[in-house]
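Structural description and commentary
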Amino acid sequence: MRSFLLFIGYSSYIGSVGDGLLGLYALWVLIGNNLALLNLSLNDFLAQYVEFIYWVKQVAFYVMPEGFANWLFGIPAVIYFPVRILMSLIIGWWALKKAAQLKTKNM
């Protein structure tokens, strides 16, 4: 269980870095277009600017209810990425904290 929590914790932190880079790129796209694309949805951002990861949408529709996935991909990208980073950091912190607690119990 501890190994699983460590995996979740560190992958959440590493994923936050990737999300941060994507979020910065989305912000750069918006600034480059004089904020004209302020409502650029996550779906449109992935489809138009980072096509190589657009496959995550198919995965999302496979693992999430369709209505939720549609709602999620309709969120503006500049809102989605900061929230996702925050949630990943919280989950990573929690998982690493629990892994540390398991380590001290086993000693």
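Residues numbered from 1 in each chain as written. Predicted model: local features only at pLDDT ≥ 70, side-chain atom pairs only at ≥ 80, totals over all residues. Heavy atoms only, no water.

1. A look at helix α1 (residues 2-32)
Between the first and last C-alpha of α1 there are 45 Å, a value that for 31 residues agrees with the 45 Å anticipated at 1.5 Å per step. The first or second residue beyond α1 is asparagine 34, which carries a positive phi of 55°. (Helix = DSSP H or I, 4+ residues; strand = E, 2+ residues; numbered from the N terminus. Expected span 1.5 Å × (residues − 1).)

2. Description of the packing of aromatic side chains
Taken as a whole, this structure holds eight aromatic pairs when the rule is applied. With a centroid separation of 5.7 Å and 55° between ring planes, the pair formed by tyrosine 25 and phenylalanine 45 is classed as tilted. One end of the pair, tyrosine 25, is in helix α1; the other, phenylalanine 45, is in helix α2 (residues 42-49), and 20 residues separate them in sequence. Tyrosine 25 sits in the partly exposed class, given a relative accessible area of 28%. Residue phenylalanine 45 is classed as buried on the basis of its relative accessible area, which comes to 0%. Centroid distance phenylalanine 61 to phenylalanine 73: 6.5 Å. Interplanar angle 25°. Geometry classified as stacked. Taken together, the residues phenylalanine 61 in helix α3 (residues 56-63) and phenylalanine 73 in helix α4 (residues 66-74) connect sequence positions twelve residues apart. Residue classification places phenylalanine 61 among the partly exposed positions, given a relative accessible area of 26%. Residue classification places phenylalanine 73 among the buried positions, given a relative accessible area of 5%. In this structure an aromatic cluster arises from ring pairing among Tyr25, Trp28, Phe45, Tyr49, Tyr80 and Phe81. (Phe/Tyr/Trp six-rings, centres within 6.5 Å; stacked < 30°, edge-to-face > 60°. Buried < 20%, exposed > 50% of the residue type's maximum accessible area, 1.4 Å probe, protein only.)

3. So, a nonpolar patch on the surface
A cluster of nonpolar side chains, contributed by Val17, Leu21, Leu24, Leu27, Ile31, Leu35 and Leu38, occupies part of the molecular surface with about 690 Å² of accessible area. For leucine 24, a relative accessible area of 54% translates into the label exposed. (Patch = residues over 30% accessible without salt bridge, like charges linked within 9 Å, V, L, I, M, F, W, Y side chains within 5 Å. Areas by Shrake-Rupley, 256 points an atom, 1.4 Å probe, with all protein chains shown as cover. Salt bridge = Lys/Arg side-chain N within 4 Å of Asp/Glu carboxyl O.)

4. Considering the side chain of serine 88
Tracing the chain through its elements places serine 88 in helix α5 (residues 77-106). Residues within four places of serine 88 in sequence aside, it is in contact with Ser12, Ser16 and Asp19. (Contact = heavy atoms within 4.5 Å.)

5. Observations regarding the nonpolar core
Among the nonpolar cores identified, the biggest contains 17 residues, and Phe45, Leu46 and Phe81 are the most heavily contacted of them. Elements represented by at least two residues in this core include exactly α1, α2, α4 and α5. If we ignore the near neighbours within four places in the chain, the residues touching phenylalanine 45 are Leu22, Tyr25, Ala26, Val29, Leu40, Val50, Ala77 and Phe81. (Core = buried A, V, L, I, M, F, W, Y, C linked by side-chain atoms within 4.5 Å.)

6. Quick notes on α4
Taken as a whole, α4 has its buried residues at Ala69, Leu72 and Phe73. Down the axis of α4, the buried set is contained in an arc of 90°. They therefore lie on one face. Exposed residues lying more than 90 degrees from the buried face of α4 are Gly67 and Trp71. (Arc of directions from axis to C-beta.)

7. A few points about the side chain of serine 41
Along the chain, the position of serine 41 falls in the loop between α1 and α2. Setting aside chain neighbours within four positions, we find serine 41 in contact with Phe73, Gly74, Ile75, Pro76 and Ala77.

8. Remarks on the packing of α3 against α4
Close contact between α3 and α4 brings their axes to 8 Å; oriented N to C, the two are set at 145°. Two packed elements cross with a definite hand, and for α3 against α4 that hand is right-handed. For the pair α3 and α4, contact is made by Val56, Lys57, Ala60 and Phe61 and by Glu66, Ala69, Asn70 and Phe73, respectively. Looking at side-chain class alone, the contact of α3 with α4 contains five nonpolar, one polar and two charged residues. (Axes fitted to C-alpha atoms, helices over the stretch in contact; angles between N-to-C directions. Left-handed = near helix turned anticlockwise from the far one by under 90°. Nonpolar A, V, L, I, M, F, W, Y, C, P; charged D, E, K, R; others polar.)

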